[in-house]
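Reading the structure
Take a look at the letters that make up each chain.
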Amino acid sequence: MTQQADAVREVVGPVVEAAGLHLEEVTVVQAGGKSVVRITVDLPDDALGSLDSDALGEVARAISAALDEDDVVAGAYTLETSTPGTSRPLTELRHFKRARTRLVTLKMMDGSRVEGRLTDVLPDGDGDVLVLDGDRRIPVGDVRRGKVEVELKKLDDVQDAEASELGESAGEGTDDDSDGAGSDDTTEGHPGRNEEG
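Sequence order sets the numbering: in each chain, residues are counted from 1 along the sequence as written. Per-residue local features are limited, in this predicted model, to residues with pLDDT of at least 70; the limit for side-chain atom pairs, both in listing and counting, is 80 or more; totals at the level of whole chains, interfaces and linings are taken over all residues. Water and hydrogen atoms play no part in the side-chain values, which are based on all heavy atoms of the structure.

Quick look at the confidence of the model for the protein chain now. Detailed reading of predicted coordinates is not advised where the pLDDT is low. Within a predicted model, pLDDT stands for the predictor's per-residue confidence, ranging from 0 to 100. Confidence in the prediction for the protein chain averages 82 pLDDT; 77% of positions are at 70 or higher. Any pair of residues with heavy atoms lying within 4.5 Å of one another is described as a contacting pair. Segment residues 193-197: pLDDT under 50, and twelve contacts once partners within four positions in sequence are set aside and those in other chains are kept.

For the exposure calls, accessible area comes from a 1.4 Å probe over protein chains only, and a residue counts as buried if that area is under 20% of its type's maximum, exposed if over 50%, partly exposed in between. Only DSSP runs of H or I with at least four residues qualify as helices, and only runs of E with at least two residues qualify as strands; both kinds are numbered from the N terminus onward. Across the six residues of strand β3 (residues 77-82), six count as buried, placing the element largely inside the fold. Here β3 shows no split at all, with Tyr77, Leu79 and Thr81 on one side and Thr78, Glu80 and Ser82 on the other all buried. Criterion used throughout: strands pair if DSSP finds at least two bridges between them. Sheet analysis places strand β2 (residues 34-42) next to β3, joined by six bridges and oriented parallel. Paired with serine 35 across the bridge in β3 is tyrosine 77. Once you follow β2 into helix α2 (residues 53-70) and on to β3, the crossover reads as right-handed. Handedness of a crossover is defined as follows: with both strands directed away from the viewer, a clockwise route from the first strand across the helix to the second makes it right-handed.

This paragraph deals with the pairing of strand β1 (residues 22-31). Put simply, side chains in a regular strand alternate between the two faces of the sheet. Alignment of β1 against β2, held across nine bridges, turns out to be antiparallel. Its bridge partner being in β2, glutamate 25 is matched across the sheet by threonine 40. In textbook terms, the turn of a hairpin is the stretch between consecutive antiparallel strands, and for β1 and β2 this stretch comprises two residues, one of which, glycine 32, has a positive phi near 70°.

Once that is clear, we can look at the sheet that holds strand β4 (residues 103-108). Strand order in this open sheet of five strands is β7-β6-β5-β4-β8, and the pairing throughout is antiparallel. Because the sheet does not close on itself, it has two edges, and the strands there are β7 (136-139) and β8 (143-148). Taken over all neighbouring pairs, the strand axes of this sheet differ in orientation by 45° on average, direction set aside. Axis definition: a line fitted to C-alpha atoms, over the contacting stretch in the case of helices. Angles run 0 to 180 degrees between N-to-C directions.

This part covers the pattern of salt bridges. For this analysis, a salt bridge means a side-chain nitrogen from Lys or Arg found within 4 Å of a carboxyl oxygen belonging to Asp or Glu. One pass over the full model with this rule turns up eleven salt bridges. Two residues, arginine 38 and glutamate 80, come together in a salt bridge whose shortest N-O distance is 3.0 Å. With a gap of 42 residues between them, arginine 38 in strand β2 and glutamate 80 in strand β3 connect regions that are remote in the sequence. A relative accessible area of 36% means that arginine 38 is categorised as partly exposed. With a closest N to O distance of 3.6 Å, aspartate 135 and arginine 137 form a salt bridge. Overlapping salt bridges bring together Glu24, Asp42, Asp45, Arg88, Arg94 and Arg98 as one network.

Attention shifts here to the side chain of histidine 95. You can see histidine 95 is positioned in helix α3 (residues 93-98). We classify histidine 95 as buried; its relative accessible area is 4%. For this analysis, a polar contact is any N or O atom pair within 3.5 Å, provided that within protein one partner can donate a hydrogen and the other can accept it, and provided that sequence-adjacent residues contribute only side-chain to side-chain pairs. A distance of 2.9 Å separates the side chain of histidine 95 from the side chain of glutamate 24, its partner in a polar contact. A polar contact of 3.4 Å, which involves the side chain of histidine 95, links it to the backbone oxygen of proline 89. Ignoring sequence-local partners within four residues, the contact set of histidine 95 consists of Glu24, Arg88, Pro89 and Leu90.

Our focus in this paragraph is the packing of helix α1 (residues 2-18) against α2. At a closest axis distance of 9 Å, the pairing of α1 and α2 adopts a crossing angle of 140°. In terms of orientation, α1 lies oblique with respect to α2. For the pair α1 and α2, the sense of crossing is right-handed. Within the contact between the two elements, α1 uses Val8, Val11, Val12, Val15 and Val16 and α2 uses Val59, Ala62, Ile63, Ala66, Leu67 and Asp70. A per-class count over the contact of α1 with α2 returns ten nonpolar, no polar and one charged. Oblique is the label for any angle not under 35 degrees, not over 145, and not in the 65 to 115 range, which are roughly parallel, roughly antiparallel and roughly perpendicular in turn. Helix crossings get a hand from a simple test, with the near helix turned counterclockwise from the far one by less than a right angle marking a left-handed crossing and a clockwise turn marking a right-handed one. Under this grouping Gly is polar, as are all residues other than the nonpolar Ala, Val, Leu, Ile, Met, Phe, Trp, Tyr, Cys and Pro and the charged Asp, Glu, Lys and Arg.

Shown next as structure tokens:
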């Protein structure tokens, strides 16, 4: 399926770029008699915050149209478009840049752990450094991987604000969260044009 994922990437890459977004990952898997095409998109490296569900829906529609026009996926398929969310391990420089302002835990090459709020990612001589609160500077090369910690207080604040805007309880229709502290945003069930045939 790698060859098919590469073909899908060639078709959707320009669409995602035209939307001002970054194409993070493309996978194509078989599920019964049809394919499931999973596309993960993100904001550019220098952006703060999370991709909102309206923008995700727009790019999902554009991706679906491009796939149908090019007919790159044979037979019936379902398109799932999502954002990386907080569960993505921080393993690449761009992941750390996207995690700025967030509370992170870093697993170091020597096995130790460091926790703090990531305030910046800066070039520094031979490599890049992560700047944590308190102006702690950690060379990226010393980090095996990192992860974003979900901050429940921030999530509660976001849901309360959304509920007051909608005049409803915070539990209804509030899976998008502007701080990115919740689950991944996903648009699912966009069938390809060959779905019924």
